[in-house]
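Listed here are the chains, written in short residue letters.
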Amino acid sequence: MTKAAPTMQRDGAFRKPVHFHLSADRGWKQRFHLAWTDLCEGMHLWRLIAVLGFLDIKLRYRGSALGPFWLTASMGVQVAAMAFIYADLFHTDIHSYLPFLSLSIIAWNYLNALVTDGCACFIESDTVIKGMRMPFTVHAARSIVRNTIILAHNIIIIIAVFAIMGIHQSLYSLMAVPAFGLWLVDAFAFSLLFGALCARFRDVPQIISAVMQIAFFITPVMWNTNILTGHREALFLLRFNPFYYLFEILRAPLLGTPLTVTTWAWALVISGFLILFSWIAFARTRGRIAFWV
């Protein structure tokens, strides 16, 4: 069905009617086409995505003297306090444990924020979704930009700790760049997948939150994998932890620790499955998101 709606210009004259096409669902070919169109339109609106991300930070810390640096200050105090306690608990040298802990805690908080905000990316934008036509990918990318800005503030802690403890970087550290890019792609895919799922089933965010709390303790964030030497059951469980591989490809180059090809291979496999399921789910649910939020 094709309809035309004449629109009035500011001078009172009518311009050529705008045509739009309404049709029933024609199957997966049409769904993938609309999903690809949504993705392309969202990529062309990258300036809008950046502005919305900065606006979210500005509104969140409006009236605050330090703004996002309050998170940086609290994060620095938390890392310093935990470093001395857990270094003594794990019988680890503070000079090697503090850089490990600061990088791990900040990276985990960033990952946790990407997951939780990705679940609510469509729910939080319900007014915009219902009020105007905009690619759904814009809302998914908006949450990533917002949390990446906060990460940029917290990187100051990592730089300070590395400088104080004498952790020098080399060309090997550049391996963290493609790892970080993979994190962004995974976060975008996760937002499209679970953003729609959480909009349909409002109990899912609570489940994801509980899973992330469990994952924090079974992922080597505060502890190093060296302490599991001789514990076959724990090492077996670690091999099936997807967060471990994604964490290691980013953390190992910055700390100067060896990184195996197997770790990268598993990280790519996990990301591949996530992207594939996300693309299929987004193509299937894209036309219903506006009715679910």
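Quantities reported herein were computed from a predicted structural model and do not represent experimental measurements.

### Concerning the overall build of the chain
Okay, so step 1: A count of helical and extended segments in the chain gives 12 helices and two strands.
Okay, so step 2: Mapped in sequence order, the helices and strands of the chain form the string β-β-α-α-α-α-α-α-α-α-α-α-α-α.
Okay, so step 3: In the chain, which comprises 293 residues, the share counted as buried stands at 41%.
Okay, so step 4: For the chain, long-range pairs separated by at least 24 residues make up 72% of all intrachain contacts whose partners lie at least 6 apart in sequence.
Okay, so step 5: Put simply, the chain shows about 17,000 Å² of open surface, and 69% of that area lies on carbon and sulfur atoms.

### Focus on the pattern of salt bridges
Okay, so step 1: Per the stated rule, a full pass over the model turns up seven salt bridges.
Okay, so step 2: A salt bridge links Glu 124 to Arg 146; the nearest nitrogen and oxygen atoms lie 3.7 Å apart. Within this pair, whereas Glu 124 is found in the loop between helix 4 (94–119) and helix 5 (126–131), its partner Arg 146 is found in helix 6 (residues 136–165), the two being separated by 22 residues in sequence.
Okay, so step 3: Classification of Arg 146 by relative accessible area gives buried; the value is 5%.

### Some details on the UniProt feature "transmembrane region" (unreviewed entry) in the chain
Okay, so step 1: In this structure's numbering, the residues bearing the UniProt feature "transmembrane region" (unreviewed entry) are residues 68–87, 99–123, 144–165, 171–197, 204–223 and 263–282.
Okay, so step 2: The annotated region residues 99–123 carries 84% helix and 0% strand content, and the separation between its end C-alpha atoms amounts to 37 Å.
Okay, so step 3: A helix fraction of 81% and a strand fraction of 0% characterise residues 171–197, whose end C-alpha atoms lie 41 Å from each other.

### What about helix 6?
Okay, so step 1: If you check helix 6, its first and last C-alpha atoms are 44 Å apart, about what 30 residues at 1.5 Å a residue would give, namely 44 Å.
Okay, so step 2: The largest bend along helix 6 reaches roughly 30 degrees and is located at His 153.
Okay, so step 3: Following helix 6 by one or two positions, Gly 166 adopts a phi angle in the positive range, close to 70 degrees.

### Focus: a nonpolar patch on the surface
Okay, so step 1: On the surface, Ile 214, Phe 217, Ile 218 and Leu 237 cluster together into a nonpolar patch covering about 420 Å² of accessible area.
Okay, so step 2: For the nonpolar patch, the element with the highest residue contribution is helix 8 (residues 204–218), accounting for three residues.
Okay, so step 3: Checked against the element boundaries, Phe 217 lands in helix 8.

### A few points about the environment of Val 293
Okay, so step 1: Structurally, Val 293 can be placed in the segment after helix 12 (289–292).
Okay, so step 2: The exposure class of Val 293 is buried, given its relative accessible area of 13%.
Okay, so step 3: When the C-alpha positions of Val 293 and Asp 126 are compared, they lie 5.5 Å apart, and in sequence the two are 167 residues distant.
Okay, so step 4: Excluding anything up to four places from it in sequence, Val 293 contacts Phe 122, Ile 123, Asp 126, Ile 129, Lys 130, Ala 199 and Arg 202.

### Regarding the environment of Trp 46
Okay, so step 1: Mapped onto the elements, Trp 46 comes out in helix 2 (residues 46–60).
Okay, so step 2: In sequence terms Trp 46 and Ala 141 are 95 residues apart; their C-alpha atoms lie 8.8 Å from each other.

### Overview of the nonpolar core
One recurring pattern in soluble globular proteins: nonpolar side chains tend to sit buried together.
Okay, so step 1: Counting 73 residues, the largest nonpolar core has Ile 105, Trp 108, Phe 122, Trp 183, Phe 194 and Ile 208 as the members making the most contacts within it.
Okay, so step 2: Of the residues forming this core, the biggest block, 14 residues, is contributed by helix 4.
Okay, so step 3: If we skip the residues at most four places from it in the chain, Ile 105 touches Met 75, Val 79, Met 82, Phe 216, Val 221 and Met 222.

### Concerning the environment of Phe 84
Okay, so step 1: Within the secondary structure, Phe 84 sits in helix 3 (residues 69–89).
Okay, so step 2: By relative accessible area, Phe 84 is classed as exposed at 57%.
Okay, so step 3: Sequence separation between Phe 84 and Leu 98 is 14 residues, and the spatial gap between their C-alpha atoms is 8.1 Å.

### So, helix 11 (residues 261–285)
Okay, so step 1: The first and last C-alpha atoms of helix 11 sit 36 Å apart over 25 residues, in line with the 36 Å expected at 1.5 Å per residue.
Okay, so step 2: Looking at helix 11, one finds that the buried residues are Thr 263, Trp 264, Ala 267, Ser 271, Ser 278, Phe 282, Ala 283 and Thr 285.

### A closer look at the side chain of His 153
Okay, so step 1: Counting through the fold element by element, His 153 comes out in helix 6.
Okay, so step 2: A polar contact is formed between the side chain of His 153 and the backbone oxygen of Ile 149, at a distance of 2.7 Å.

### What about the state of the cysteines?
By definition, a disulfide is the covalent link that joins the sulfur atoms of two cysteine residues.
Okay, so step 1: Within the structure shown, the criterion is met by zero disulfides.
Okay, so step 2: Cys 198 takes part in no disulfide bond, and the closest cysteine sulfur to it belongs to Cys 119, at a distance of 3.8 Å.
Okay, so step 3: Cys 198 gets classed as buried once you look at its relative accessible area, which sits at 0%.

### Considering the packing of aromatic side chains
Okay, so step 1: Taken as a whole and assessed by the stated rule, the structure comprises 16 aromatic pairs.
Okay, so step 2: Taken together, a centroid distance of 6.0 Å and an interplanar angle of 20 degrees make the contact between Tyr 110 and Phe 180 stacked. Remark: Phe 180 occurs in helix 7 (residues 176–200) and Tyr 110 occurs in helix 4; sequence separation between them is 70 residues.
Okay, so step 3: Classification of Tyr 110 as buried rests on a relative accessible area of 4%.
Okay, so step 4: An aromatic cluster of at least three residues, connected via ring pairs, comprises Trp 108, Tyr 110, Phe 180, Trp 183, Phe 216, Phe 217, Phe 243 and Phe 247.
Okay, so step 5: Here the guanidinium or amino end of Arg 31 rests over the ring plane of Trp 28, the centre of that ring lying 4.7 Å away.
Okay, so step 6: The cationic tip of Arg 200 hangs over the ring face of Phe 201; the distance from NZ or CZ to the ring centre is 4.8 Å.

Criteria and cut-off values
- Residues numbered from 1 in each chain as written.
- Predicted model: local features only at pLDDT ≥ 70, side-chain atom pairs only at ≥ 80, totals over all residues.
- Heavy atoms only, no water.
- Helix = DSSP H or I, 4+ residues; strand = E, 2+ residues; numbered from the N terminus.
- Buried < 20%, exposed > 50% of the residue type's maximum accessible area, 1.4 Å probe, protein only.
- Contact = heavy atoms within 4.5 Å.
- Areas by Shrake-Rupley, 256 points an atom, 1.4 Å probe, with all protein chains shown as cover.
- Salt bridge = Lys/Arg side-chain N within 4 Å of Asp/Glu carboxyl O.
- UniProt positions renumbered as here; feature names shortened; annotations may be inferred.
- Expected span 1.5 Å × (residues − 1).
- Bend = angle between axes of the 7 residues up to and from the residue.
- Patch = residues over 30% accessible without salt bridge, like charges linked within 9 Å, V, L, I, M, F, W, Y side chains within 5 Å.
- Core = buried A, V, L, I, M, F, W, Y, C linked by side-chain atoms within 4.5 Å.
- Polar contact = N/O pair within 3.5 Å; in protein donor to acceptor, adjacent residues only side chain to side chain.
- Disulfide = S-S within 2.5 Å.
- Phe/Tyr/Trp six-rings, centres within 6.5 Å; stacked < 30°, edge-to-face > 60°.
- Lys NZ or Arg CZ within 6 Å of the ring centre and 35° of its normal.

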